[in-house]
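# Fold and contact review
If you want the building blocks of each chain, they are given just below.
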Amino acid sequence: MGLHGVKAVFFDLDNTLIDTAAAGRRAIEERPPRPLQVISALQSKHHYGEGEARAVCDKVQAKLLKECHDPAKMCITDLRISHWEEAIQETIGGEANRDLAAECYYLWKTTRLQHLTLAEDTRAMLTELRKGLRLLLLTNGDRQTQREKIEACACQPYFDAIVVGGEQKEEKPAPSIFHHCCDLLGVQPAECVMVGDSLDTDIQGGLNAGLKATVWLNKAMTAPVDTSPVPHYIISSVLDLPAVLQKMEHNINAKLGTDHMASSNE
């Protein structure tokens with residue numbers, strides 16, 4: 001699919017190409033006969049009540065959502081073990097239990113990675129798109145964590161380049177990381193499209209960097225708040241992207257035709 005004026009598409013990773021949120025929930029809640037997940041492990045091995053085990057996990061989820069990580073001060077593993085340690089102490093009280101916290105963290109992390117998959121229809125879409133466009137994966141986050149996810153879902157073969165925010169001076173929505181991506185692919189910002197689920201990082205970043213278009217993946221089709229950045233296109237599934245690109249091509253061709261007619265009439 002060659003597009004007039006569009007040469008590259010940048011994709012976000014988490015909750016765009018892979019369902020990280022669902023994988024995290026499954027890591028917490030799945031039960032035997034599958035390998036023990038966190039709630040089951042806290043109940044069966046450490047004799048927590050189900051309510052206590054669920055409360056610990058809920059507190060960790062809340063801490064992850066508010067997480068601010070500075071790799072210069074602490075590695076992501078230590079930080080996330082601390083989330084579990086604090087959640088256990090807040091729920092159960094008593095002495096801090098770093099060993100149990102580490103056990104919970106590694107069980108959660110390992111199980112989550114097992115559930116991070118790039119769906120077959122998404123693979124097929126990327127393969128088709130790459131026949132005419134350059135594709136780049138652009139993800140924010142800690143270097144180790146994001147590289148582990150990329151390895152787990154085996155998405156490397158579908159992209160011309162992969163950029164992890166934690167390896168750069170600035171992350172999305174800073175224009176610098178988008179311009180770095182353009183340099184890697186040898187394209188201009190006005191030749192690129194950004195696809196992602198975050199208005200604050202993916203869409204705002206694409207707008208900040210002057211990309212040709214931004215495509216917001218809004219699975220729930222919820223209305224953005226008035227102060228949100230306004231994406232050029234909205235889709236409910238990443239599989240809707242080819243139709244959006246076709247629409248862009250049609251609009252570009254129509255404009256080229258109008259411009260040609262105008263110049264002919266001058």
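- The protein chain has the name NANP phosphatase in an unreviewed UniProt entry, where Oreocharis arfaki is given as its organism.
- You can read under Cofactor (unreviewed entry) in the UniProt record for the protein chain the words "Mg(2+)".

## Concerning the overall build of the protein chain
- Along the protein chain, the regular secondary structure elements total 10 helices and 6 strands.
- Along the first, second and third principal axes, the C-alpha set of the protein chain runs to 85 × 40 × 35 Å.
- Looking at the protein chain residue by residue over its 266 residues, the buried ones come to 45%.
- One way to put it: in the protein chain the 28 positive side-chain charges average out to a point 2 Å from where the 37 negative ones average out.

## Some words on the domain arrangement of the protein chain
- Along its sequence, the protein chain is organised into domain 1 (8–19 + 118–263) and domain 2 (20–115).
- Just the C-alpha atoms count here: the centres of domain 1 and domain 2 sit 31 Å apart.
- Across the contact, 10 residues belong to domain 1 and 11 residues belong to domain 2.
- Here domain 1 and domain 2 share an interface that buries about 850 Å² over both sides, 45% of which is from carbon and sulfur atoms.
- It is Asp19, Asp142 and Glu148 that lose the most area in domain 1 upon contact with domain 2, and together they represent 47% of the buried surface on that side.
- For the pair domain 1 and domain 2, the interface holds 1 salt bridge.
- Its salt-bridge partner being Glu148, residue Lys109 comes within 3.0 Å of it at the nearest N-O pair.
- For the interface between domain 1 and domain 2, the tally reads 8 residue pairs in polar contact (both at pLDDT 80 or more).
- In terms of residue class, the side of domain 1 that touches domain 2 is built from 2 nonpolar, 3 polar and 5 charged.

## What to know about the sheet that holds strand β1 (residues 8–11)
- Taken in spatial order, the 6 strands make up an open sheet running β3-β2-β1-β4-β5-β6, and their pairing is parallel. Single-partner strands in this sheet number two, and they are β3 (161–164) and β6 (233–235). On average, each strand axis in the sheet is tilted by 20° relative to the strand beside it, whichever way the strands run.
- Where strand β2 (residues 134–139) and β3 come together, 4 bridges link them in parallel fashion. Looking at the pairing, Leu137 lines up with Ile162 of β3.
- Here helix α9 (residues 199–208) sits on the sheet in contact with β4 (192–196) and β5 (213–217), set at roughly 170° to β5.

## Points about the nonpolar core
- Formed by 33 residues in total, the largest nonpolar core has its most connected members in Val9, Phe11, Phe159, Val193 and Leu241.
- Taken together, the elements giving at least two residues each to this core come down to β1, α6 (120–129), β2, α7 (143–153), β4, β5, β6 and α10 (241–265).
- The element best represented in this core is α10, accounting for 4 residues.
- Core analysis: the next-biggest nonpolar cluster, separate from the first, contains 20 residues, Ala27, Ile28, Val56 and Cys57 among them.

## Some remarks on the pairing of β1
- Residues of β1 alternate between two faces, with Ala8 and Phe10 on one and Val9 and Phe11 on the opposite face, all of them buried.
- Two elements, β1 and β2, share 4 bridges in a ladder whose sense is parallel. When the sheet's bridge partners are listed, Ala8 is paired in β2 with Arg134.
- Where β1 meets β4, 4 bridges bridge the pair, whose relative direction is parallel. Bridge pairing links Val9 to Val193 in β4.

## Some remarks on the environment of Asn253
- Topologically, Asn253 is positioned in helix α10.
- Spatially, the C-alpha atom of Asn253 lies 9.9 Å from that of Gly5, the residues being 248 residues apart in sequence.

## Description of the pairing of β5
- Buried residues dominate β5, accounting for 5 of its 5 residues.
- Residues of β5 alternate between two faces, with Ala213, Val215 and Leu217 on one and Thr214 and Trp216 on the opposite face, all of them buried.
- In terms of strand pairing, β4 meets β5 through 4 bridges, oriented parallel. Counted as the bridge partner of Val195 is Val215 from β5.
- Note on the crossover from β4 through α9 to β5: the handedness is right-handed.
- Where β5 meets β6, 3 bridges bridge the pair, whose relative direction is parallel. From the neighbouring strand, Trp216 faces β6, where its bridge partner is Ile234.

What counts as what
Residues numbered from 1 in each chain as written. Predicted model: local features only at pLDDT ≥ 70, side-chain atom pairs only at ≥ 80, totals over all residues. Heavy atoms only, no water. UniProt positions renumbered as here; feature names shortened; annotations may be inferred. Helix = DSSP H or I, 4+ residues; strand = E, 2+ residues; numbered from the N terminus. Buried < 20%, exposed > 50% of the residue type's maximum accessible area, 1.4 Å probe, protein only. Lys, Arg positive; Asp, Glu negative; His and termini not counted. Charge placed at Lys NZ, Arg CZ, Asp CG, Glu CD. Domains from an automatic or database assignment. Contact = heavy atoms within 4.5 Å. Buried area = accessible area lost by both parts, 1.4 Å probe. Salt bridge = Lys/Arg side-chain N within 4 Å of Asp/Glu carboxyl O. Polar contact = N/O pair within 3.5 Å; in protein donor to acceptor, adjacent residues only side chain to side chain. Nonpolar A, V, L, I, M, F, W, Y, C, P; charged D, E, K, R; others polar. Pairing = 2+ DSSP bridges. Axes fitted to C-alpha atoms, helices over the stretch in contact; angles between N-to-C directions. Core = buried A, V, L, I, M, F, W, Y, C linked by side-chain atoms within 4.5 Å. Right-handed = clockwise from strand over helix to strand, strands pointing away.

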